[in-house]
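Structural description and commentary
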Amino acid sequence: RLSVAAFHAGIRHWRTAVTGKRQSFRNDGGAALDQPSVLAVFPSAIERAAILDLAACHGWHMTVCAALAAAEKELALRQPALILYDRDTPGLEWQDAIELLAQSAQASPIILVSGVADDYLWQEVNHLGGYDVLTKPLNPEAVAQGVRLAWSFFRSGFRRRRALT
């Protein structure tokens, strides 16, 4: 026999499943997001294809750009939950690009993807308004963990604060 509490818990679970009234987060278009929306900026077509494959496996809503200018246009249209930015993207120096993205995407954690990473680079990225650093070649498990943590940070409602100099 079920206890009354277990019965009511089962009903609440059933109602939630049927009506879809679970907690969700919305993008600018108003569609419920159960997975993060990610803007990825990679100049390499091979890396763009790899990140799209990884996004498909995890159900992320992914937009990829080959250049910073295209990313800026995308940011003018919608606010992603997080941004992956390849340090080797041509155009601006990566430091200037991180600052520009941090200003354009006020609430999006920015993850720099770099061929090298150390504590100094992480501190510099953080100082410029970024969130984290991932190393290349991209490790799918590390990218998934980085996205998961940044998504959790985004959902927590943080506001970016630049370090004071």
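Nothing here was measured: the structure is a model prediction, and the numbers come from that model.

Focus on the pattern of salt bridges
- The tally for this structure, following the rule as stated, stands at four salt bridges.
- Salt-bridge contacts for glutamate 47 lead to lysine 136; the nearest nitrogen and oxygen are separated by 3.8 Å. One end of the pair, glutamate 47, is in helix α2 (residues 45-58); the other, lysine 136, is in the loop between β7 (132-135) and α6 (140-155), with 89 residues separating them in the sequence. Grouping residues by exposure puts glutamate 47 and lysine 136 together as buried.
- On the accessibility criterion, lysine 136 (18% relative accessible area) is buried.

Details of the packing of aromatic side chains
- One pass over the structure, following the stated rule, counts two aromatic pairs.
- With 6.0 Å between their ring centres and 15° between their planes, tryptophan 151 and phenylalanine 154 make a pair best called stacked. Taken together, the positions of tryptophan 151 and phenylalanine 154, both in helix α6 and three residues apart, correspond to about one turn of that helix.
- For phenylalanine 154, a relative accessible area of 23% corresponds to the partly exposed category.

Reading the values: the criteria
Residues numbered from 1 in each chain as written. Predicted model: local features only at pLDDT ≥ 70, side-chain atom pairs only at ≥ 80, totals over all residues. Heavy atoms only, no water. Salt bridge = Lys/Arg side-chain N within 4 Å of Asp/Glu carboxyl O. Helix = DSSP H or I, 4+ residues; strand = E, 2+ residues; numbered from the N terminus. Buried < 20%, exposed > 50% of the residue type's maximum accessible area, 1.4 Å probe, protein only. Phe/Tyr/Trp six-rings, centres within 6.5 Å; stacked < 30°, edge-to-face > 60°.

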